[in-house]
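Each chain is listed here by its residues.
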Amino acid sequence: MDSVRALQVDAFTDEPLSGNAAGVVPDGDGLTEAQMQAIAREFSLSETAFLLPSGPADRKVRYFTPSQEVDLCGHATIAAHAHLHEDGVIEAGTHTLETNVGVLDIEVAEDGAVWMTQDDPTVRPVDVDYERLATVLGVPVGSLQDVGADMPSAVASTGLPFLVVPVNFLEHVGNADPDMAAVEELCEEYDATGLYAFTFDTLEGDATLHARMFAPGAGVSEDPVTGTASGAAGAYLREVSAFDGELPDEMVFEQGHFVDRPGRVRVRVGETVRVGGDAATAIDGTLSVPAADDDDILEA
């Protein structure tokens, strides 16, 4: 039986038990892929980050949901680097991270906030029938039609693709009752990891938008606060010339309030797309893992 240090770090918040919880294994060197998947399954969090040695960067990361590996995860990246800074492993400044989508720059501010430079953005408009989309999300069709006239749905990506869907009012985002099987089917059809529904109608006066993100195909029915989707949404807002094409220097995206995990993502869209936020450690302990040769247990 092997053992590893494992933490739950809550990202995009400065209070434990809010924001988006990520598993963090600060020393994943020597773990097999089956062990990583078993640990992620045991955590049962949306993503778990495993930090590994790297040649081209300061460190490498692999991300696993409870059911599969994914190429990029914003909140787990924020969580992992906030932990490393808090633990004294890294200092404030710029660090590099090898991911499955390439080497990314990570900046740790003096106050511990972590900023992640995401991959080059792409935005692809899609023509989704409003009646179908309303049924998938469980919202009135009118909540999509009026705002969709100026801002059509699109698949946006800064490393992971998301189907970005604008909704008119917060009540409709909050009351959305998505059909998860239909969400998964729709996302598969458009090659998207998940569906990101947002509104400019917010809870806090300084917030730019409020969002919810559903990714049942990746094993996450609803993600509380999503860094990669927030970056994609920032790129989308620039593409559709939101705010008359004059995006604020920094935007704040609310998410997680309707699943009792409120969080805030800071988004900057310029030459690159960057997302940032705080994080708080909720659990720090040791996890026992079956030996690498015990395939039957690991793959159960």
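As a starting point, this report considers the structure included with it. This is a predicted model, so every value here is computed, not measured.

Notes on the overall build of the chain
When its secondary structure is counted, the chain shows 8 helices and 18 strands. Buried residues in the chain amount to 55% of all 300 residues. Taking as baseline every contact in the chain between residues at least 6 positions apart, the subset at least 24 positions apart corresponds to 65%. Computing the positive centroid from 14 side-chain charges and the negative centroid from 55, the chain places the two 3 Å apart.

Some words on a negative patch on the surface
Judged by side-chain charge, Asp14, Glu15, Glu91, Glu110, Asp111 and Asp278 come together as a negatively charged surface patch. By secondary structure assignment, the location of aspartate 111 is in the loop between strand E7 (102–108) and strand E8 (114–117). Exposure remark for aspartate 111: the relative accessible area of 62% places this residue in the exposed category.

Looking at the packing of aromatic side chains
All chains considered together, the criterion is met by 4 aromatic pairs. For the pair phenylalanine 50 and phenylalanine 64, a centre-to-centre distance of 5.7 Å together with 85° between the ring planes defines the contact as edge-to-face. Linking phenylalanine 50 in strand E3 (residues 48–52) with phenylalanine 64 in strand E4 (residues 59–64), this pair joins segments that are 14 residues apart in sequence. Relative to tyrosine 236, the ring of phenylalanine 198 lies with its centre 6.0 Å away and its plane at 70°, an arrangement referred to as edge-to-face. With phenylalanine 198 in strand E12 (residues 194–199) and tyrosine 236 in helix H7 (residues 227–239), this pair connects stretches of sequence that are 38 residues apart.

Focus on the pairing of strand E6 (residues 93–99)
For E4 and E6, the ladder comprises 2 bridges, and the chain directions are parallel. Across the sheet, residue lysine 60 finds its bridge partner in E6, namely glutamate 98. Bridge count between E6 and E7: 7 bridges; the pairing is antiparallel. Across the sheet, the residue bridging to histidine 95 is isoleucine 106, located in E7. Taken together, E6 and the strand that follows it, E7, pair antiparallel across an intervening segment of 2 residues.

Observations regarding the state of the cysteines
Under the criterion given, the structure shown has 0 disulfides. Cysteine cysteine 73 is unpaired, with the sulfur of cysteine 187 as its nearest cysteine sulfur at 16 Å. By relative accessible area, which is 3% here, cysteine 73 ends up buried.

Digging into the pattern of salt bridges
One pass over the structure, following the stated rule, counts 11 salt bridges. Here arginine 261 ties to aspartate 10 by a salt bridge, and the two come within 3.2 Å at their closest N and O atoms. Of the two residues, arginine 261 is situated in the loop between strand E15 (251–255) and strand E16 (263–269) and aspartate 10 in strand E1 (residues 2–11); the sequence distance between them amounts to 251 residues. Per residue, the accessibility class of arginine 261 equals that of aspartate 10, and both read buried. Arginine 132 is paired through a salt bridge with glutamate 189; the nearest N and O atoms lie 2.9 Å apart.

Digging into the nonpolar core
Counting 57 residues, the largest nonpolar core has Tyr63, Tyr196, Phe198, Tyr236, Leu237 and Phe253 as its most contacted members. In this view, tyrosine 63 contacts Thr48, Ala49, Gln68, Glu69, Val70, Asp71, Leu72, Cys73, Ala76, Thr77, Leu97 and Thr99; residues no more than four positions away in its chain are not counted. With 23 residues, the next largest nonpolar core counts Val126, Leu133, Ala176 and Cys187 among its residues.

Quick word on the pairing of E3
Burial runs high along E3: 5 of the 5 residues are buried. Inspection of the sheet shows strand E2 (residues 20–25) paired to E3 by 3 bridges, in the parallel sense. Bridged to glycine 23 within E3 is threonine 48. Taking the sense of rotation as the criterion, the β-α-β connection linking E2, helix H1 (residues 33–43) and E3 turns out right-handed. Here E3 runs beside E4; their pairing, made up of 5 bridges, is antiparallel. Bridge assignment links leucine 51 to a residue of E4, and that residue is valine 61. Taken together, E3 and the strand that follows it, E4, pair antiparallel across an intervening segment of 6 residues.

Quick notes on the rules
- Position numbers for residues start from 1 in each chain and track the written sequence from start to end.
- Per-residue local features of the predicted model are confined to residues with pLDDT of at least 70, and side-chain atom pairs are confined, for both listing and counting, to 80 or more; whole-chain, interface and lining totals are unaffected and use all residues.
- Where side-chain values are given, they derive from all heavy atoms of the structure, hydrogens and water being excluded.
- Numbering of helices and strands runs from the N terminus; a helix is a DSSP stretch of H or I covering at least four residues, while a strand is a stretch of E covering at least two.
- Relative accessibility thresholds used throughout: buried, under 20% of the residue-type maximum; exposed, over 50%; partly exposed, between the two (1.4 Å probe, protein chains only).
- Contact definition: two residues touch when any of their heavy atoms are within 4.5 Å.
- For the purpose of charge, His is not counted, nor are the chain termini; Lys and Arg are scored as positive and Asp and Glu as negative.
- By convention, charge coordinates are those of NZ in Lys, CZ in Arg, CG in Asp, or CD in Glu.
- Like-charged residues within 9 Å of one another, or nonpolar side chains (Val, Leu, Ile, Met, Phe, Trp, Tyr) within 5 Å, are grouped into patches, provided each residue has over 30% relative accessible area and no salt bridge.
- The Shrake-Rupley method, run with a 1.4 Å probe, gives the accessible areas here. Residue values count only the displayed protein chains as cover.
- Whenever a carboxyl oxygen of Asp or Glu lies within 4 Å of a side-chain nitrogen of Lys or Arg, that contact is scored as a salt bridge.
- Only Phe, Tyr and Trp rings take part, Trp by its six-membered ring, and two of them pair if their centres are within 6.5 Å. Stacked means planes under 30 degrees apart, edge-to-face means over 60, and tilted covers everything else.
- Strand pairing is assigned whenever DSSP identifies at least 2 bridges connecting the two strands.
- Here, two cysteine sulfur atoms that lie within 2.5 Å of each other are counted as a disulfide.
- Nonpolar cores are built from buried Ala, Val, Leu, Ile, Met, Phe, Trp, Tyr and Cys residues. Side-chain atoms within 4.5 Å join them into one set.
- Looking down the strands as they point away from the viewer, one classifies a crossover as right-handed if the path from the first strand across the helix to the second runs clockwise.

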